[in-house]
Amino acid sequence: MAELPHRTTFALDYGDERRARVVKTSVAREVGEIDDDRSQTSLLRDGPTVEVVVEAADLVALRAACNTWLSLVGVAEETAGAAETVPF
């Protein structure tokens, strides 16, 4: 892949290592699946913090990838929250 000069990092702190692990695991399945020639994403977790690192060839691709990944993380957060309210 060509060098991707544009980069942004979202550091998402959940205050709870378990929640961070669930969110990262949920969205990690998409890494490599939705990347293309114009953008790529990596995920890191350090304790209760998940980092989403988006790199892109141009600003349009960066914006699109950021929107996609923040949307995926949002769904994972909502699902994790809903699952916590279900009595087992």
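Structural data are supplied above this passage.
Read on for a plain summary of the structure. Please read all numbers here as calculations on a predicted model, not as lab measurements.

1. Concerning the sheet that holds strand β2 (residues 39-46)
Thought 1: Ordered by their spatial adjacency, three strands build an open sheet running β1-β3-β2, and the pairing between neighbours is antiparallel. Each edge of the sheet is formed by a strand with only one pairing partner; in this case those strands are β1 (6-13) and β2. In this sheet, adjacent strand axes meet at a mean angle of 15° when their direction is disregarded.
Thought 2: Summarising the sheet, β1 and strand β3 (residues 49-56) pair through eight bridges and their orientation is antiparallel. Bridge pairing in β3 places D13 opposite T49.
Thought 3: Here helix α1 (residues 17-28) sits on the sheet in contact with β2 and β3, set at roughly 155° to β2.

2. Considering the environment of V53
Thought 1: Note on placement: V53 falls in strand β3.
Thought 2: Distance from V53 to T8, taken between C-alpha atoms, is 5.9 Å for residues 45 residues apart in sequence.

3. Focus on the pairing of β2
Thought 1: Where β2 and β3 come together, eight bridges link them in antiparallel fashion. Bridge pairing in β3 links T41 to V54.
Thought 2: Once β2 ends, the chain turns through two residues before running back antiparallel as β3, passing G47 with a positive phi of about 60°.

4. With respect to α1
Thought 1: Taking 1.5 Å as the rise per residue, α1 with 12 residues should run 16 Å; its terminal C-alpha atoms sit 16 Å apart, in good agreement.
Thought 2: Looking at α1, one finds that the buried residues are R19, A20, V23 and V27. The arc that holds every buried residue of α1, seen down its axis, measures 100°, which confines them to one face.
Thought 3: In this structure D16 caps α1, since a side-chain oxygen of it lies 3.0 Å from the backbone nitrogen of R18.

5. What about the nonpolar core?
Thought 1: Core analysis: the largest hydrophobic core is formed by 17 residues, its most contacted members being Y14, V27, V52, V54 and V73.
Thought 2: Elements with a minimum of two residues in this core: α1, β3 and α2 (59-84).
Thought 3: Per-element tally for this core: the top contributor is α2, with seven residues.
Thought 4: Setting aside residues up to four positions removed in sequence, V54 forms contacts with H6, R7, T8, Q40, T41, L62, A65 and C66.

6. Quick look at the environment of L59
Thought 1: Within the secondary structure layout, L59 lies in helix α2.
Thought 2: Relative accessible area serves as the criterion here: at 57%, L59 is assigned to the exposed category.

Quick notes on the rules
- Residues numbered from 1 in each chain as written.
- Predicted model: local features only at pLDDT ≥ 70, side-chain atom pairs only at ≥ 80, totals over all residues.
- Heavy atoms only, no water.
- Pairing = 2+ DSSP bridges.
- Helix = DSSP H or I, 4+ residues; strand = E, 2+ residues; numbered from the N terminus.
- Axes fitted to C-alpha atoms, helices over the stretch in contact; angles between N-to-C directions.
- Contact = heavy atoms within 4.5 Å.
- Expected span 1.5 Å × (residues − 1).
- Buried < 20%, exposed > 50% of the residue type's maximum accessible area, 1.4 Å probe, protein only.
- Arc of directions from axis to C-beta.
- Polar contact = N/O pair within 3.5 Å; in protein donor to acceptor, adjacent residues only side chain to side chain.
- Core = buried A, V, L, I, M, F, W, Y, C linked by side-chain atoms within 4.5 Å.

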